[in-house]
Each structure stands twice: as C-alpha cells, then as structure tokens.
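Structural description and commentary
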Amino acid sequence: MALFCVDIGNTNILMGLYQGSELVTHWRIATDHQKMADEYAMLILNLFERSDQAPESVEGVIIASVVPPLTGIFEKLSRRYFRRTAFVVGDSIDAGVPVRYDNPAEVGADRVVNAVAACHHYGSPACVVDFGTATTFDALSVDGEYVGGAIAPGIGIAAEALFRRTSKLPRIDLALPPGVIGKNTVHSMQSGIVFGYVGLVDGLVRRLASEMEDEVSVIATGGLARLIEPESETIEEVDDFLTLEGLRLIYLRNV
C-alpha cells in the first residue's frame, strides 16, 4: 500500500511516500499561502515523476496541518489528483495517545503526531523537541499520555527578527560558528543564536524532566535539529521523519 503523508507547517511542507512501513521518498517545499490546489498539484506531481513514483499507486492520504487555509486546499488536491479522501488529523481521528491538555483542541496536529511516533518508537516518558517555525517541547508521561509542553520562538524567527530590527546587523546563515567568542559580526550573531538556543533547549528540557516521572527520553526533529543536537547535553536522538512516521501510524490505526 502506498501512503502519501503531508505535514503542513507555517514555513515548510514536509511530504513522504510510504510503501508499507518503508519511507521510499520524501520532499520538503516552502509553504505558500497564495498557491491554489491545482498549483500545488502540479508541483507535487512533478516531484512524483522525478522520483519515479506513480500517483495512481497512492491508496491513502493523511494530512497534519497547522495552517487552516491550506488544509482544505490539500484535501481538494487529494480528491482531484489522487482520487482519495484525505484523513486530516484532528479531534475526530483516534491518534492513540490521550491528550491531557486543558483544551485538547488547542494542541497543534503536528505535536500530537510527533507524540504518537515518539511513544511508539522510543517509549515513554519522553520529550519531543521540534525545531520548526516555533520550537516546541512536548511531554509524554510514563503512561504514554500527552501532558503538555512549551512553545518558544523558532531559531529562524529569532535570526530574522535580529536582522529586521537592527540597522547594522546583516542577515546570516544559521551555522555553527568557530567558537562562542565571535571575532566578527557574523560569527558573533551565529554564536548568540545557535549557542543561545542550545542553552534554551537544554534548560527547558531539564525543567520539563524535573516535573515528570522516571528518566525521560529526549527526541529532536525538524529542519534545524541536526544543527543544535551536537552541542546539546540533553538531546539523545534526532529523527528527521518523526512527523511522517506518526502520520503513518495514525493512518494505520484509523484504517
């Protein structure tokens, strides 16, 4: 069975195609609020063709989205081009992880999906750190329940704000500088952003872990996870496709 998984984020859209339990190919494209269903379809069908994948082989589509206007666009795309009604992760779908939040509807679909994959592959208790547009921290109890977490501005947001709100600081690449003490403006900015976020991550993870039972597994995912992980003292695993795997597991549970 070919399953097309789509994670719609504020900055990027991560897509993956599974054959059974194997992720055979994946793509990441920029989120564009102005694109219509047909425009996204032309881009996606071209990616399928270049990866030697047949759209007609897709037997299921599942979507997690934190961008409501694009959710309907991808549902329409699924119906028109894959001839499938997409599963959309939300209140009506059984994710398999109880959500112990004051208002469960407030929890982003991607956070629930990550929790499902983390619980399945790494066990609980656990903490998932997702480096997306926002950096999110999600806690799973020893009983495999989603119990909450923390949300911080993403690394990209911080870097862009520093560039936009200061007159003389340049836009920089997010990369590890030679050392903490920067010898020029670029390295000084990289130090403040990268090592600053390492401190933020380690500090928040330790505080989360102190409120949980037993030893906590810490899994990181998202586009910049591999930039932070080598410097972090708390991140144990980086799983680039944690969200896609969570989508696959939720689809199988509901089908």
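Residues numbered from 1 in each chain as written. Predicted model: local features only at pLDDT ≥ 70, side-chain atom pairs only at ≥ 80, totals over all residues. Heavy atoms only, no water.

Looking now at the overall build of the protein. A count of helical and extended segments in the protein gives seven helices and 10 strands. Taken over the C-alpha trace, the protein has a radius of gyration of 19 Å; the compact-globule value for 255 residues is 18 Å, and the two agree within 12%. Expressed along its principal axes, the backbone C-alpha trace of the protein runs to roughly 55 × 45 × 30 Å. Evaluated residue by residue, the protein yields a buried proportion of 47% over its 255 residues. (Helix = DSSP H or I, 4+ residues; strand = E, 2+ residues; numbered from the N terminus. Rg over C-alpha atoms; globule rule 2.2 N^0.38 Å. Buried < 20%, exposed > 50% of the residue type's maximum accessible area, 1.4 Å probe, protein only.)

Two orientations exist for strands paired in a sheet by backbone hydrogen bonds: parallel and antiparallel. Spatial strand order, β3-β2-β1-β4-β5: five strands in an open sheet with mixed pairing. Edge positions in the sheet fall to β3 (22-30) and β5 (87-88), since each of these pairs with one other strand and no more. With two bridges connecting them, strand β4 (residues 58-65) and β5 associate as parallel partners. Within β5, the residue paired with Ile62 across the bridge is Phe87. Against the sheet, helix α2 (residues 68-82) engages β1 (2-8), β2 (12-19), β4 and β5, with an angle of about 175° to β4. (Pairing = 2+ DSSP bridges. Contact = heavy atoms within 4.5 Å. Axes fitted to C-alpha atoms, helices over the stretch in contact; angles between N-to-C directions.)

With that out of the way, let us pick up the packing of aromatic side chains. Tallied over the full model, the rule gives eight aromatic pairs. The interplanar angle of 65° and the centroid separation of 6.4 Å between the aromatic rings of Phe4 and Trp27 together place this pair among those described as edge-to-face. Here Phe4 is found in strand β1, whereas its partner Trp27 is found in strand β3, with 23 residues between them in sequence. What makes Phe4 buried here is its relative accessible area of 1%. Between Phe4 and Phe82, the aromatic rings sit 5.3 Å apart at their centres with planes inclined by 45°, giving tilted as the arrangement. Of this pair, Phe4 sits in strand β1 while Phe82 is found in helix α2, placing the two residues 78 residues apart along the sequence. The ring centre of Tyr40 lies 6.0 Å from the NZ or CZ of Lys35, which sits over that ring. (Phe/Tyr/Trp six-rings, centres within 6.5 Å; stacked < 30°, edge-to-face > 60°. Lys NZ or Arg CZ within 6 Å of the ring centre and 35° of its normal.)

A few words on unusual backbone geometry. A cis geometry characterises the amide bond from Ser124 onward to Pro125, with omega recorded as 10°. Non-glycine residue Asp52 carries a positive phi angle of around 60°. Phi at Arg83 is positive, roughly 55°, even though this residue is not glycine. Tracing the chain through its elements places Arg83 in the loop between α2 and β5.

Judged by nonpolar contacts, the single largest core of 29 residues is most densely connected at Cys5, Ile62, Val89, Leu247 and Ile250. Contributing elements (two or more residues each) for this core: β1, β2, β4, α3 (109-122), β6 (126-131) and α7 (242-254). Broken down by element, the residue count for this core peaks at seven residues, all from α3. (Core = buried A, V, L, I, M, F, W, Y, C linked by side-chain atoms within 4.5 Å.)

As a further point, take the side chain of Thr31. Positionally, Thr31 belongs in the loop between β3 and α1 (37-50). Polar contacts involving the side chain of Thr31 include one to the main-chain carbonyl oxygen of Gly9, which spans 2.7 Å. Among the polar contacts listed, one links the side chain of Thr31 to the backbone nitrogen of Asn12, at a separation of 3.2 Å. Apart from residues no more than four positions distant in its own chain, Thr31 is found in contact with Gly9, Asn10, Thr11, Asn12, Ile13, Tyr40 and Leu70. (Polar contact = N/O pair within 3.5 Å; in protein donor to acceptor, adjacent residues only side chain to side chain.)

We now examine the sheet that holds strand β9 (residues 217-222). If you trace the five strands from one edge of the open sheet to the other, you get β8-β7-β6-β9-β10, paired in mixed fashion. The outermost strands of the open sheet, each flanked by one partner alone, are β8 (146-153) and β10 (237-238). For strand β7 (residues 134-140) and β8, the ladder comprises seven bridges, and the chain directions are antiparallel. Across the sheet, Thr135 pairs through a bridge with Ala152, a residue of β8.

A separate point is the packing of helix α4 (residues 155-164) against helix α5 (residues 185-210). In contact at an axis separation of 11 Å, α4 and α5 are set at 150° when each is read in the N-to-C sense. Put simply, α4 runs roughly antiparallel to α5. Viewed along their axes, α4 and α5 form a crossing whose handedness is right-handed. Contacts from Ile155, Ala158, Ala159 and Leu162 of α4 reach α5 at Met189, Ile193 and Tyr197. (Parallel < 35°, antiparallel > 145°, perpendicular 65-115°, else oblique. Left-handed = near helix turned anticlockwise from the far one by under 90°.)

Looking now at α7. Think of an α-helix as turning once every 3.6 residues; residues three or four places apart then point the same way. With 13 residues, α7 should cover 18 Å at 1.5 Å per step; its first-to-last C-alpha distance of 19 Å lies within 8% of that length. For α7, the tally of buried residues reaches 10 of 13 residues, placing the bulk of the element in the interior. Here α7 has its buried residues at Leu242, Thr243, Leu244, Glu245, Gly246, Leu247, Arg248, Leu249, Ile250 and Tyr251. (Expected span 1.5 Å × (residues − 1).)

These figures come from the coordinates and say nothing about function on their own.
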